[in-house]
Amino acid sequence: MSAPAPGGISPAGDLLLTNIGELTTNVAVDGDPCGTVQGAAVLVRGGHVVWAGPSDRVPDAGGGVDVVDAGGRAVIPGFVDSHTHLVFGGDRAAEFAARMAGEPYAAGGIRTTVAATRAASEDELRQRLRAFVGECRSQGTTTLEIKTGYGLDVATETRLARLAAEVTDEVTFLGAHVVAPEFAGRADDYVDLVVGPMLDAVAPHARWVDVFCEAGAFTPAQSRRVLEAGRAKGLGIRVHGNQLGYGAGAALAVAMGAAAVDHCTFLTDDDVIALAGSETVATLLPGVEFSTRQPYPDARRLLAAGVTLALASDCNPGSSFTSSMPLMIALAVREMGMTPAEAVWAATAGGARALRRTDVGVIEPGAKADLVLLDAPSRVHLAYRPGVPLVRRVWKDGLIAGPTG
Ligand code: NIG
Ligand code: FE
């Protein structure tokens, strides 16, 4: 075993993390979905976990491994933020301030960001995106889904998808975010564009198709058209729904076998039953309720019914301008009735389920070595110490990815 390298950096992504006070593996054992191990170690080779378990059983790591002593602190899988809108121009601070003075949130604000995004140069968008990705990494996010949806014309949507694909494999085509301003009053014509030339241009850069199925955005029939067209192009399906009121989004997502339906703030009992009997993950986005002063979704009701939950940031300039997964965990625990263990699971393994990934959100042999060392003895502190920067070190693929500075 080599001496610890300065800063623990290993170009090859080989690492032995020892003296972990509490390890969250998310490999379920004995009624503990978090697969918690007290007094643990993790061995990483070539950017993948090769062993995780109790320290007294750690295998011989051999040579050339950077050894990092966790000092009794907690280690969790890197956060899987399965819902963001990180490529855009401008911001909407004035809209936020007006909302905090009593104005309601409305889907139409999206068009303000569309104008700013169309006006931005490709380089501006790229620099901004990269800064946001750095912000996410330094807060422990190692897997990021990024949507288009602030271009709403073929050229700009394609640009956004290309830029997103530079930083993640989880790119989602959201041309059906709202009806483009040029198509005001002609929503079906806009859907023709989305399912035709726009999808043709964007699909090569994307893994997913999404639609905002909500009053003020797209009807259930229009939403189905968009999702079917995306699926025919080989894209996986996700849905924005049930954010601003009751509606068909969740039922449509389940009926079409979507990987996830996101928001789920307003759900009927039938929606909950449908979700519980499906493979569709309900992704809760408490940053939205925080930033729009809406009521939070009732996570306990969903968990009691057996629905699989993910937590994500929905980072966007309108409804939730935060990239902080620790904040989502704190809100989920304090405002939505989740336990700290449930919230951490939902922000890691739940996000992985929502992206239909088995190689992230978990610390087990074969998984990507995406790890977060907390400056705390347990994951509970993520909710117990809200707003405190507890992410001490982040590894992505076994390499240090944050925090910066
Ligand atoms: O997920 N719901 C639709 N889209 C975003 C909001 C985007 C915006 O307001 O700019 C969301 O909340
Ligand atoms: Fe969203």
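As a reminder, the structure under discussion sits directly above these lines.
Below is a summary of the structure that appears in this document. Model, not experiment: these values are computed from the prediction.

Reading the values: rules and limits
Residues numbered from 1 in each chain as written. Chains lettered and ligands numbered in written order. Predicted model: local features only at pLDDT ≥ 70, side-chain atom pairs only at ≥ 80, totals over all residues. Heavy atoms only, no water. Helix = DSSP H or I, 4+ residues; strand = E, 2+ residues; numbered from the N terminus. Buried < 20%, exposed > 50% of the residue type's maximum accessible area, 1.4 Å probe, protein only. Areas by Shrake-Rupley, 256 points an atom, 1.4 Å probe, with all protein chains shown as cover. Phe/Tyr/Trp six-rings, centres within 6.5 Å; stacked < 30°, edge-to-face > 60°. Near = heavy atom within 4 Å. Polar contact = N/O pair within 3.5 Å; in protein donor to acceptor, adjacent residues only side chain to side chain. Nonpolar A, V, L, I, M, F, W, Y, C, P; charged D, E, K, R; others polar. Donors = N, O, S within 2.8 Å, 3.2 Å for Na, K, Ca; no water.

**Some thoughts on the overall build of the protein**
Item 1. Per the secondary structure count, the protein includes 13 helices and 16 strands.
Item 2. Here the C-alpha coordinates of the protein stretch approximately 65 × 45 × 45 Å along the principal axes.
Item 3. Taken over 405 residues, the protein has a buried fraction of 57%.
Item 4. About 14,800 Å² of surface is accessible on the protein, with carbon and sulfur atoms providing 54% of the total.

**Re the packing of aromatic side chains**
Item 1. What the rule picks out here adds up to seven aromatic pairs.
Item 2. On the basis of an interplanar angle of 70° and a centroid distance of 6.1 Å, the ring pair of Phe 88 and Tyr 150 is categorised as edge-to-face. Of the two residues, Phe 88 is situated in the loop between strand S6 (79-81) and helix H1 (93-100) and Tyr 150 in the loop between strand S7 (141-147) and helix H4 (154-167); the sequence distance between them amounts to 62 residues.
Item 3. Within the aromatic cluster, the residues linked to one another by ring pairs are Phe 88, Phe 132, Tyr 150 and Phe 321.

**Looking at the site of ligand 1**
Item 1. Taken together, 15 residues surround ligand 1, and among them Tyr 105, Tyr 150, Gln 243, Asp 314 and Ser 319 come closest.
Item 2. Between His 263 and ligand 1, the recorded distance is 3.0 Å, taken from a side-chain N or O atom to an oxygen atom.
Item 3. Residue classes in the shell around ligand 1 are distributed as four nonpolar, nine polar and two charged.

**Looking at the coordination of the iron ion (ligand 2)**
Item 1. Within the protein, the iron ion (ligand 2) binds to His 83 (NE2), His 85 (NE2), His 240 (NE2) and Asp 314 (OD); these donor distances fall in the range 2.0 to 2.4 Å.
Item 2. Mapping the donors of the iron ion (ligand 2) onto the primary sequence gives the spacing H-x1-H-x154-H-x73-D. Placement of His 83 in the loop between S6 and H1 and of His 240 in strand S10 (residues 236-241) is noted, with a sequence separation of 157 residues between them. With respect to class, His 83 is no different from His 240; both count as buried.

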